[in-house]
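Per-entry structural report
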Amino acid sequence: MQLTMFCTRVIARKLYVNVSRLKVRHKHFCTDAATRVSGSNCGQPSPEHKETHDLSNNIQHYDIAIVGGGMVGMALACSLASMPLTKHLNVAIIDSNPALGSRPYFNKEDPPDPRVSTVTPATISFFKDVGAWQYIEQHRHAYFDKMQVWDYTGLGYTRYNAQDINKEVLGCVVENKVLHGSLLSCIENTDFQKTIYPSKLSSMTLPPSPSSLGMDSTSSRPPLSSQRHLAKLELSDGNSLYTKLVVGADGGKSRVRELAGFKTTGWNYSQNAIICTVEHTVENGCAWQRFLPAGPIALLPMGDNFSNIVWTMNPKESTNRKLMNEDEFVKDVNNALDYGYGPHPTSSLFGSGEMFSWPRAGVTLSANDCFEVPPKVVKLASERMVFPLSLRHASDYVSKHVVLIGDAAHTVHPLAGQGVNMGFGDAFALSRVIAEGIAVGSDIGEVTVLKKYEAERKPANIMMMGILDGFQKAYSVDFGPLNILRAAALHGAHFISPLKRSIISYASGEQKLPLFT
Amino acid sequence: MASKLGRYSHLRALSSAISINNHIRSPHFSNPNRAPLSFSYRLFSNAFSSSSTGGFQRASSLKDLELAKFASIAETWWDFEGPFKPLHVMNPTRLAFIRSTLCRHFDKDPNRARPFEGIKIVDVGCGGGILSEPLARMGATVTGVDAVEKNIKIARIHADLDPVTSTIEYYCTTAEKLVEEDRKFDAVIALEVIEHVANPAEFCKSLAALTVPDGATIISTINRSMRSYATAIVAAEYLLHWLPKGTHEWSSFLTPEELVLILQRANITVREMAGFVYSPLTGRWSLSDDIRVNFIVFGTKNCQ
């Protein structure tokens, strides 16, 4: 009995001071949670506990902190701003890009930027829902309703048409800065409370998980602070902020992913991509992709007689091609799109051997279905940029208070133009999950709420990544029987209508699974 | 898993160590401002009865000791993967029903983030506050009551972490005592309580007395059917170990008809009823018309 009394006294002295401080903080929070409390608290300062000084440092509290204000991060912010359940949220956006703070976001007279994205109809409808698509239509953009895919072997080709799925367009090619600027303009036109922090994330402190709290000696535990359920972010310019949810939208080399300890799997493709803008003499209304031995070359319409080139090749060739003079490069491009590396596939009904005539029996070729040669490139209209390509996937997208979207969660090969579309899908799915959580009063940092987002997006993303990786691997081998197999598959995709419709639907984002729907 | 079980037994040990005394509750109630001091003083003198010189210093020290102890245990209740996981998984579904019925009854827009602004709600049998906190986040003025002292302590600690939920008032008391205090609420919610009560009819009369005329009463419980015996007792307690054995007595379950009848006798007209269905494939609960096992009832108090 005496021992317990003694222990109680010892603990009492340490804790009494602690609790008086706790009471003061409690009162402050009860009266007005939003005002910053400055100055020291009443109550004797304890030599044994280090005070966190949160209240005296005026650290701002946010509901959501989006680390990375690129296209996907801003898509999330825009989506939150557009829904009645979430538009009251207080959001911080952390990105050191000066473009976020400056207006206007881009100049209409600028030459076309080589960094473009192909947005699928599903993404277009998301943008329309949040009200951002109207800004894109005011700038350079190019809808396309046709697509042709063939390879260097000349054994097969396929043409996709939007009419096959009763749609008007297969997609739209837009410059990244136009996409980004439209999202920014969209947010500016709402009264969404956002604060932009133009700096980088340097460190992140997450609250301890319940299982890590133990009954260790009370003197070493931090005081029962009200910030224990919030994540703390420290930025490179010295600012700090507290938030319920940290969204990692900071790209393939995500710092949030690194700090939160998410594991990733993946590999680097031994390929680089060269991107540039080129000019034609005629309007280009079709998206072209030819698989060459070293990698595919894609020609995407951008509007105003411009097209974007994404050419994948091995690293040595990419450095050569970046440095060679412009005329040589243009000749190389035309060669790659035309007669270089192999013959044209023939488009006549009874050509190229008996082998491929059986699926075509009874099928008539319309004018739209004939093989066409892409329009000739006459001039290079921008600088050439080179990017290394890799596949990367985070094993988890969520943990308590942290969630990854976009390239931070998954990086893919550009061969099907799906990368940023997957990211936009993530952003809109996450905002919907957050809205559903708020509708039933949940704490948005809680894993059970966030897991719904992961359960929705992870399988879809993994399937898409598997398919894209499969394509990349299938087309990277030049082996006779495999070439024929590929060509047969391509033929099948071209002539078996249900399969073709399935593929187009899946690639447009209209369909969840590539087959069986 | 072993560590979680260890902490659970700690909870049980704690409840026996600190005796819950009815005596303590009334001063706490009548003098809410002075309550914390006198409350902890009494508790201290009960636990360490030999000491008569316990002054202010020691009284608050025991409260701090309890706070410190309960701090880590509170997380077990709020550990979403811990022993209370089934309740956490079911919670959003219950809240969806509450949100839709109360918004319709009080004519509030469900698409606002805080539709329950200005509505006074009492959560009878609040436990650790799993229902009270989301209701507070939806804007309601929430009072949580529970007969078990340790639950109230846990609920208080967790609610104080977030400024939005720290406005919840928690009392360790019963519905009958609240009626004696002549408290009235716009909505009275008692989820998964009535099957543990000795006299359900009297309990419903108390709930009705707490509701203002034309106020809302929401009760959820488990049906008394063969199917519920198989799922809620055999499967949940003995096979899946979702609940400790003996949590529920099948004979004290109420059928929907019985519940509607006793509510009617208590002047509450049942307006809507729904069932909860668990899908083992997705691991999620959903609202449905199937009231064979878990069901929830929304009623309004007749205006006299």
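Per an unreviewed UniProt entry, chain B goes by the name Ubiquinone biosynthesis O-methyltransferase, mitochondrial and belongs to Quercus rubra. Comment text from UniProt for chain B, heading Subcellular location (unreviewed entry), reads "Mitochondrion inner membrane". In the Sequence similarities (unreviewed entry) part of its UniProt record, chain B is described as follows: "Belongs to the class I-like SAM-binding methyltransferase superfamily. UbiG/COQ3 family."

Under the annotation held in an unreviewed UniProt entry, chain A carries the name Ubiquinone biosynthesis monooxygenase COQ6, mitochondrial and is attributed to Quercus rubra. Check the Subcellular location (unreviewed entry) section of the UniProt entry for chain A; it says "Mitochondrion inner membrane".

**Section: the overall build of chain B**
Across its full length, chain B holds 11 helices and 8 strands. Expressed as a percentage of the 304 residues in chain B, the buried residues total 51%. Here chain B has roughly 13400 Å² of accessible surface; of this, 55% comes from carbon and sulfur atoms.

**A look at the pairing of strand β7 (residues 171–175) of chain A**
Remember that side chains alternate between the two faces of the sheet whenever the strand is regular. Residue and element names in this part refer to chain A. The buried fraction of β7 is high, at 5 of 5 residues. Where burial is concerned, the two faces of β7 agree: the one with Gly171, Val173 and Glu175 and the one with Cys172 and Val174 are both buried. In this structure, strand β3 (residues 116–119) lies alongside β7, joined through 4 bridges in antiparallel fashion. Bridge pairing in β7 links Val116 to Glu175. Here 4 bridges tie strand β4 (residues 141–144) to β7, and the two strands are oriented antiparallel to one another. The residue bridging Ala142 from the neighbouring strand is Val173, located in β7.

**Overview of the pairing of strand β1 (residues 60–67) of chain A**
Residues and elements named next belong to chain A. Buried residues dominate β1, accounting for 6 of its 8 residues. In terms of strand pairing, β1 meets strand β11 (residues 240–248) through 7 bridges, oriented parallel. Bridged to Val67 within β11 is Gly248. One ladder, built from 4 bridges, connects β1 with strand β2 (residues 91–94); its direction is parallel. Bridge assignment links Ile64 to a residue of β2, and that residue is Val91.

**Concerning the UniProt feature "binding site: S-adenosyl-L-methionine" (unreviewed entry) in chain B**
All names here are of chain B. UniProt's feature table lists "binding site: S-adenosyl-L-methionine" (unreviewed entry) at Arg94, Gly125, Asp146 and Leu191, given in the numbering used throughout. Mapped onto the fold, Arg94 is located in helix α5 (residues 85–105). We classify Arg94 as buried; its relative accessible area is 4%. When sequence neighbours within four positions are dropped, the list of residues in contact with Arg94 reads Leu87, Leu131, Leu191, Glu192 and Phe276.

**With respect to the UniProt feature "domain: FAD-binding" (unreviewed entry) in chain A**
Residues and elements named next belong to chain A. Mapped onto the present numbering, the UniProt feature "domain: FAD-binding" (unreviewed entry) falls on residues 240–337 and 383–460. Annotated as residues 240–337, this span is 28% helix and 50% strand, and its ends, taken at the C-alpha atoms, are 52 Å apart. With 45% helix and 22% strand, residues 383–460 has end C-alpha atoms that lie 35 Å from one another.

**Thoughts on the packing of aromatic side chains**
All names here are of chain A. Inspection of the entire model under this criterion finds 15 aromatic pairs over all chains. Geometrically, the ring pair formed by Tyr397 and Tyr453 is tilted, given 6.1 Å between the ring centres and 40 degrees between the ring planes. In this pair, Tyr397 sits in the loop between β17 (385–394) and β18 (398–399) while Tyr453 sits in helix α10 (residues 447–474), placing the two residues 56 residues apart along the sequence. Each member of the pair Tyr397 and Tyr453 is classed as buried. Counting every residue linked through ring pairs, the aromatic cluster contains Phe126, Phe127, Trp133, Tyr143, Phe424 and Phe428. Over the aromatic face of Phe329 sits the side chain of Arg384, whose NZ or CZ is 4.9 Å from the ring centroid.

**Overview of the sheet that holds β7(A)**
Residue and element names in this part refer to chain A. Spatially, 3 strands are ordered β3-β7-β4 in an open sheet, and the strand pairing comes out antiparallel. Pairing within the sheet leaves two strands with one partner each, and these edge strands are β3 and β4. Recorded for the sheet is a direction-independent mean angle of 20 degrees between the axes of neighbouring strands.

**Topic: the UniProt feature "binding site: Mg(2+)" (unreviewed entry) in chain B**
Residues and elements named next belong to chain B. The UniProt entry lists Glu192, Glu195 and His196 under the feature "binding site: Mg(2+)" (unreviewed entry), expressed in the numbering used here. Mapped onto the elements of the fold, Glu192 is located in the loop between β4 (185–191) and α9 (200–210). When its relative accessible area of 17% is taken as the criterion, Glu192 is described as buried. When sequence neighbours within four positions are dropped, the list of residues in contact with Glu192 reads Arg94, Ser220, Thr221, Ile222 and Asn294. Structurally, Glu195 can be placed in the loop between β4 and α9. With residues near it in sequence (within four places) discarded, Glu195 still touches Ser220, Thr221, Ile222, His248, Ser252 and Phe253.

**What about the sheet that holds strand β2 (residues 141–146) of chain B?**
All names here are of chain B. Strand order in this open sheet of 8 strands is β3-β2-β1-β4-β5-β8-β6-β7, and the pairing throughout is mixed. Pairing within the sheet leaves two strands with one partner each, and these edge strands are β3 (169–172) and β7 (284–288). Each strand of the sheet is rotated relative to its neighbour by a mean of 20 degrees, with strand direction disregarded. Strand direction decides the pairing type here: strand β5 (residues 211–222) and strand β8 (residues 294–301), joined by 7 bridges, are antiparallel.

**Brief notes about the environment of A:Val282**
Residue and element names in this part refer to chain A. By the element assignment, Val282 lies in the loop between β12 (264–279) and β13 (286–292). As a C-alpha pair, Val282 and Lys500 span 218 residues in sequence and 29 Å in three-dimensional space. What Val282 contacts, discounting residues up to four positions off in sequence, is Asn305 and Pro375.

**A closer look at the side chain of A:Asn421**
Residue and element names in this part refer to chain A. With respect to the helices and strands, Asn421 occurs in helix α9 (residues 419–439). Within the structure, Asn421 has its side chain in polar contact with the side chain of Thr123 (distance 2.7 Å). Within the structure, the side chain of Asn421 is placed 2.8 Å from the backbone oxygen of Gly417, a separation counted as a polar contact. Apart from residues no more than four positions distant in its own chain, Asn421 is found in contact with Thr118, Val119, Thr120 and Thr123.

**What about the packing of helix α3 (residues 121–130) of chain A against α9(A)?**
All names here are of chain A. Interaxial distance between α3 and α9 falls to 10 Å at its minimum, and their mutual angle equals 40 degrees. Overall, the two elements α3 and α9 adopt an arrangement that is oblique. When the axes of α3 and α9 are compared, the crossing they make is left-handed. Here α3 contributes Thr123, Phe126, Phe127 and Val130 to the contact with α9, which in turn contributes Asn421, Phe424, Gly425 and Phe428. Looking at the contact of α3 with α9, its residues break down into 5 nonpolar, 3 polar and no charged.

**Focus: the pattern of salt bridges**
All names here are of chain A. Under the definition given, this model contains 28 salt bridges over all chains. Its salt-bridge partner being Lys376, residue Asp338 comes within 3.6 Å of it at the nearest N-O pair. Within this pair, whereas Asp338 is found in the loop between α8 (326–337) and β16 (379–380), its partner Lys376 is found in the loop between α8 and β16, the two being separated by 38 residues in sequence. For Lys473, the salt bridge is made with Asp469, and the minimal N-O distance between the two is 3.1 Å. A residue pair is termed a helical-turn pair when its members lie 3 or 4 positions apart in one helix, as Lys473 and Asp469 do in helix α10 at 4 residues.

**Re the environment of A:Leu490**
Residues and elements named next belong to chain A. You can see Leu490 is positioned in helix α11 (residues 480–495). Taking the relative accessible area as the measure of exposure, Leu490 reaches 9% and is therefore buried. Through-space distance from the C-alpha of Leu490 to that of Ser102 is 47 Å; in sequence the pair is 388 residues apart. Residues within four places of Leu490 in sequence aside, it is in contact with Val149, Trp150, Gly156, Tyr157, Thr158 and Tyr475.

Basis of the calculations
- Residues numbered from 1 in each chain as written.
- Chains lettered and ligands numbered in written order.
- Predicted model: local features only at pLDDT ≥ 70, side-chain atom pairs only at ≥ 80, totals over all residues.
- Heavy atoms only, no water.
- UniProt positions renumbered as here; feature names shortened; annotations may be inferred.
- Helix = DSSP H or I, 4+ residues; strand = E, 2+ residues; numbered from the N terminus.
- Buried < 20%, exposed > 50% of the residue type's maximum accessible area, 1.4 Å probe, protein only.
- Areas by Shrake-Rupley, 256 points an atom, 1.4 Å probe, with all protein chains shown as cover.
- Pairing = 2+ DSSP bridges.
- Contact = heavy atoms within 4.5 Å.
- Phe/Tyr/Trp six-rings, centres within 6.5 Å; stacked < 30°, edge-to-face > 60°.
- Lys NZ or Arg CZ within 6 Å of the ring centre and 35° of its normal.
- Axes fitted to C-alpha atoms, helices over the stretch in contact; angles between N-to-C directions.
- Polar contact = N/O pair within 3.5 Å; in protein donor to acceptor, adjacent residues only side chain to side chain.
- Parallel < 35°, antiparallel > 145°, perpendicular 65-115°, else oblique.
- Left-handed = near helix turned anticlockwise from the far one by under 90°.
- Nonpolar A, V, L, I, M, F, W, Y, C, P; charged D, E, K, R; others polar.
- Salt bridge = Lys/Arg side-chain N within 4 Å of Asp/Glu carboxyl O.

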